[in-house]
Amino acid sequence: MKIAEPTLVLNKDICLKNVERMVAKAKYHNLTFRPHFKTHQSHQIGRWFREYGVDKITVSSLKMAEYFAEDQWGDITVAFPANILEIDRINQLAGKIQLNLIVESIEVARLLQRKLQHTIGIFLTVDVGYHRTGIASNDYSKIDAILQFVDIADQLDFKGFLTHAGHSYSSKGIDEIRAVHESSLTALEALRKNYVSKYPNLIISTGDTPTCSVMEDFTGVDEIRPGNFVFYDLTQLEIGACREEDIAVAMACPVVAKHQDRMELIIYGGGVHFSKDRLEVEGKTSFGKPVRLTEHSWELAYHEVNYVSKLSQEHGTLKVEPEVFDEYQVGDLIGILPVHSCMTANLMKGYYLFDGSVFDRL
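Notes on the structure in this doc start here.

Analysis parameters
- Residues numbered from 1 in each chain as written.
- Predicted model: local features only at pLDDT ≥ 70, side-chain atom pairs only at ≥ 80, totals over all residues.
- Heavy atoms only, no water.
- 1 Å grid on protein atoms, 1.4 Å probe; cavity = no way out; pocket = protein on both sides within 12 Å on 5 of 7 lines; lining within 4 Å.
- Points joined across faces, edges and corners; volume = space filled by probe spheres on them.
- Helix = DSSP H or I, 4+ residues; strand = E, 2+ residues; numbered from the N terminus.
- Contact = heavy atoms within 4.5 Å.
- Disulfide = S-S within 2.5 Å.
- Buried < 20%, exposed > 50% of the residue type's maximum accessible area, 1.4 Å probe, protein only.
- Phe/Tyr/Trp six-rings, centres within 6.5 Å; stacked < 30°, edge-to-face > 60°.
- Arc of directions from axis to C-beta.

The next subject is empty space enclosed by the protein. Under the counting rule described, the total for this entry stands at one cavity of 30 Å³ or more. In this structure, the largest cavity occupies an estimated 60 Å³ of space. As for the largest cavity, its lining consists of Ala 165, His 181, Ser 184, Leu 185, Leu 188, Thr 206, Gly 207, Asp 208, Thr 211, Cys 212 and Phe 218. The set of elements that each furnish at least two residues to the lining of the largest cavity consists of α7 (174-195) and α8 (209-214).

Its location among the elements puts Tyr 140 in helix α6 (residues 140-152). C-alpha separation for the pair Tyr 140 and Tyr 195, spaced 55 residues apart in sequence, amounts to 9.8 Å. If we ignore the near neighbours within four places in the chain, the residues touching Tyr 140 are Ala 190, Leu 191, Asn 194 and Tyr 195.

What follows is about the state of the cysteines. One pass over the full model with this rule turns up zero disulfides. We note that Cys 15 lacks a disulfide partner, and the nearest cysteine sulfur, in Cys 342, lies 12 Å from it. We classify Cys 15 as buried; its relative accessible area is 0%. Left without a disulfide partner, Cys 242 is nearest to the cysteine sulfur of Cys 342, which lies 12 Å away. A relative accessible area of 10% places Cys 242 in the buried class.

What follows concerns the packing of aromatic side chains. This model, assessed by the stated rule, comprises 14 aromatic pairs. Look at Phe 49 and Phe 229: their rings are 6.3 Å apart centre to centre, the planes differ by 85°, and that puts the pair in the edge-to-face class. Of this pair, Phe 49 sits in helix α2 (residues 43-50) while Phe 229 sits in the loop between β10 (223-224) and α9 (234-239), placing them 180 residues apart in sequence. Phe 229 carries the same exposure label as Phe 49, and that label is buried. Ring centres of Tyr 67 and Phe 68 lie 4.9 Å apart, and the angle between their planes is 80°; this geometry places the pair in the edge-to-face category.

This paragraph deals with helix α5 (residues 106-115). All of the buried residues in α5 are Ile 106, Ala 109, Leu 112 and Gln 113. Each buried residue of α5 sits inside an arc of 125° when the element is viewed along its axis, so together they form one side.

Interpretation note: all reported values are geometric properties and have no functional meaning in isolation.
And the structure:
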């Protein structure tokens, strides 16, 4: 590996297996698969999805929608509350692609209708327990008020209800993921029953990586939008949403110092590379887990007692066993599995593949 600074390396084979598995699950359950591209934000990786027949995507910003529209993605949902200050971008995109936005208030719906130059799809975002954004799923009076306006607005095409059960990311194991999922399904089914007679083609759209990865009952759901699954990470591993061998990215970091008295390796790789997302496991705060880099991938070679214990801006500190300490010298590269691959990828702005190619990203 000709790497001299922190570099995010991508195992293409693992990534493709993750994509293939989720595509197959969506097909088996007769679900529209609209993957969230906020994790990878890469034209090249996006094209891998096309090879599996994916033609609809989700993004988290209009800037991201523009980026993927440039690569011929023509049906894009922006799964972030519509920002009326970006109306010029909205109009430009809506004139080129099928653009879907989410709203949770009649005020935003009115502003969009007043300023839109093209028809857009509208999803009402509902809260099924995450309590970040969205209308409470049983607040029918608020939903009815918005829909009454959307029904007469010629630039707003009601598509359905969209939700994100983000509280699944706080789960510890399959049982807790299942509890979140079943609660969400119950809320969404009540919505469908209440509105399907008036809107027979309404779409129920959901999709967090934990539930989409491990659950097998999607009764009442029409569309899933997971994103993190393309890479996975240590958080998903801790939750129980993936196996360690499903994690498709690792940071290659130079070892820059060693401290035998503390059994610590110091790496070039800090908060500006990983973010400071962390895991609290068995009383330890972990910012990543080391792996042994090889010519074509990495090996899951080290016990859990080896971990990134601290991050500064550029420095990373690894607590390691004596045999791991002795394995590395200053100037060697060590791999680190990230706690949160979405944030790490966003900071690194590109991917190094083991065939030597480099993928850019937004």
